[in-house]
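# Architecture at a glance
What follows is each chain in one-letter form.
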Amino acid sequence: MLEFLIPNNVLCHAVEAMAFASLGCALLSVLITQMNIASIGFTMSHAAFAGGAVGSFFGYALIPSAVFVSILTAFLMGPLSDRTRMHTDTTLGVLFGTMMAVAIFFIALMQGTGKGFDASSLLYGNVISLYREEIYALALITLVIILFLIACYKEITAIVFHKRLAEIAGIKVKPVYYGILFLISIMVALSIPIVGGLLLYVWLVTPAAIAYQFCGTIRSMFIVAPVVAIIVSVIGAVWGILYSLPVGPLTAVLFSGLFIGAVAISPKRKVTFHKH
Amino acid sequence: MNRENEDIIQLQDVWTTYEGADLPVIKDVSLRIKPGEFVIIGGPNGAGKTTLLETIAGLLPIVSGSVQVCGHDVVREGCAARKKIGYVIQSFDFHPFTPFTVEEVVLMGRFGKIGWLKRHTRHDMEKVSAAISKLGLTLMQKNQIGKLSGGQQQKVLIAQNIAKEPEVLLLDEPFSNLDIITREEVSRLLCQIADAGIPVLIVSHAFDALPDRDIRVVVMQNGKITLNKLSPPSEVGNLVRSASVAA
């Protein structure tokens, strides 16, 4: 897509993948941080991990199996958090433990049968070995997220503000809430091959956390978070590939450094008063 | 048919419970409210006053009986009914940096009416501005809601429900965080709403700022209505106290 700008094919793919992943994740990070469901990141990462382990045990390819189980978990997430009558974060915690147990169980079985399981691509990701189809899938899900946010903006913001008040206003809360959880889950599943399950958390929380330091409204957070995420991720991809550094960890460190800087200069921490 | 004589709220032999609870909270309650009635719901703590409002708003499972609001069955047509019901909740706690302004929160009251996939119009914003102005919040309409005091936040939620232009208005302890002057202002505003034909149902323990008009007093005790009668405002406090003690 960006070959006309970046002739180097590997760098071009990496920049495209990082740009789409960071745009989608950053938009969702605003919802994740404001709805206090940050656990969805590691729950979905471990769903992918479990999927990879189960797929490998039965002789299927690692990444497709991981994505498949993540999508399956995404379908379960909304109804399950609703049925349990618990805070979504608690349900996510239970799912996280279950997925981890499934992964460990199948890894142990494979060790017993002499089969190998290399989970490094799931844990750490690899932005330079992506297929074009994977980048297209990322572009597609990012587009779906943008369209969903535009179409249901008022319903989403009302739910983020106060679920009960949204219900009282006459909004159908369930379908929108399930939609949010489902899109987060799909985005996580498709982003894992790029930055890995261990680092994905940074993309799902930090952009909104940085934007929050400067923004007073959710509308401005939806603009600042993706802009910051795309700039940092593209710099990380270019820097990492040109100087043979690991792209995922490098970008995560850049995000964290920027967050510390943002907190240090945030106007939200300033104490001002006018006597007159 | 004269609409003024139609019951806009009808509860018939209603039993309500909370999910997972062993015992019903509302027991065999029947209540009929006409347009323009000003209703004070009183009674001791835990009597079922808030539950009664949540039942009318269709927010709780109804074990038995029926609840009709504005011609909608609140169980089967809850969403449609809630678009016509204004409900100011009792407890709220907004983080100081909640990223929503007063204006945005008040506008949310109209979201159900605006409908799916549609954006708010100038008409919606006019309703929002009018509601903000009525509650004296104009100077702080661009402020974040979390930065306001508890009383100001309560006024924002009242403004949200006024901007909604409901056909029924339910308020749970709307005076609890307000000073006496603001109580009187809000009370006058609620009286104007009732005069316009919209029934106003208020759960309250404060009877010092009631409007000068006939008030229907509903007293609840152990999930049942123990008193339901019209009263002048000066008698409301005594009626609630005596009915609560007698029960």
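Provided above is the structure to which this section pertains.
As the structure is a computational prediction, the values presented were derived from the model and not from experiment.

## Thoughts on the packing of helix H2 (residues 39-57) of chain A against helix H3 (residues 62-83) of chain A
For any two helices packed against each other, one specifies the inter-axial angle together with the distance between the axes. Residue and element names in this part refer to chain A. Close contact between H2 and H3 brings their axes to 7 Å; oriented N to C, the two are set at 130 degrees. Our classification of the angle between H2 and H3 gives oblique. Helix-helix and strand crossings are classified by hand; for H2 and H3 the assignment is right-handed. For the pair H2 and H3, the contacting residues are Ile 40, Met 44, Ala 47, Ala 48, Gly 51, Gly 52, Gly 55 and Ser 56 in the first and Leu 62, Ser 65, Ala 66, Val 69, Ser 70, Thr 73, Ala 74 and Met 77 in the second. A breakdown of the residues in the contact of H2 with H3 according to their chemical character gives nine nonpolar, seven polar and no charged.

## As for the nonpolar core
Ranked by size, the top nonpolar core spans 172 residues in total, and within it Trp 203 of chain A together with Leu 190 of chain B carry the most contacts. Residue contributions to this core peak at 15 residues, all from helix H1 (residues 9-34) of chain A. Setting aside residues no more than four positions away along its own chain, Leu 190 of chain B makes contact with Phe 38, Leu 169, Leu 171, Phe 175, Val 200 and Ile 202 of chain B.

## Re the sheet that holds strand S8 (residues 200-203) of chain B
Residues and elements named next belong to chain B. Taken together, six strands build an open sheet; the order of strands is S6-S7-S8-S3-S9-S10 and the sheet is mixed. Sheet topology places strand S6 (85-88) and strand S10 (224-231) at the edges, where each strand pairs with a single neighbour. Sheet twist, expressed as the average angle between the axes of neighbouring strands with direction ignored, equals 15 degrees. As judged from the four bridges shared by strand S7 (residues 168-172) and S8, these two strands associate in the parallel manner. The partner of Leu 171 across the bridge, within S8, is Ile 202. Along the sheet face, helix H7 (residues 180-195) touches strand S3 (38-42), S7 and S8 and points at about 145 degrees away from the line of S8.

## Observations concerning the interface of chain A and chain B
If you look at the interface, chain A gives 28 residues, while chain B gives 33 residues. Buried area between chain A and chain B, both sides added, is near 2,700 Å², and the carbon and sulfur share of it is 66%. Taken as a group, Lys 154, Phe 161 and Ile 168 of chain A account for 27% of the area that chain A buries against chain B, more than any other trio of residues on that side. The interface formed by chain A and chain B contains one salt bridge. The shortest N-O distance in the salt bridge between Arg 164 of chain A and Glu 54 of chain B comes to 3.3 Å. In this assembly, chain A and chain B are joined by 10 residue pairs in polar contact (both at pLDDT 80 or more). Sorting the residues of the side of chain A that touches chain B by element identifies helix H6 (132-151), helix H7 (153-161), helix H8 (163-168) and helix H11 (218-242) of chain A as the ones contributing at least two each. Ranked by residues supplied to the side of chain A that touches chain B, first place goes to H7 of chain A with seven residues. Its residues placed into classes, the side of chain A that touches chain B shows 15 nonpolar, six polar and seven charged.

Calculation rules
- Residues numbered from 1 in each chain as written.
- Chains lettered and ligands numbered in written order.
- Predicted model: local features only at pLDDT ≥ 70, side-chain atom pairs only at ≥ 80, totals over all residues.
- Heavy atoms only, no water.
- Axes fitted to C-alpha atoms, helices over the stretch in contact; angles between N-to-C directions.
- Helix = DSSP H or I, 4+ residues; strand = E, 2+ residues; numbered from the N terminus.
- Parallel < 35°, antiparallel > 145°, perpendicular 65-115°, else oblique.
- Left-handed = near helix turned anticlockwise from the far one by under 90°.
- Contact = heavy atoms within 4.5 Å.
- Nonpolar A, V, L, I, M, F, W, Y, C, P; charged D, E, K, R; others polar.
- Core = buried A, V, L, I, M, F, W, Y, C linked by side-chain atoms within 4.5 Å.
- Buried < 20%, exposed > 50% of the residue type's maximum accessible area, 1.4 Å probe, protein only.
- Pairing = 2+ DSSP bridges.
- Buried area = accessible area lost by both parts, 1.4 Å probe.
- Salt bridge = Lys/Arg side-chain N within 4 Å of Asp/Glu carboxyl O.
- Polar contact = N/O pair within 3.5 Å; in protein donor to acceptor, adjacent residues only side chain to side chain.

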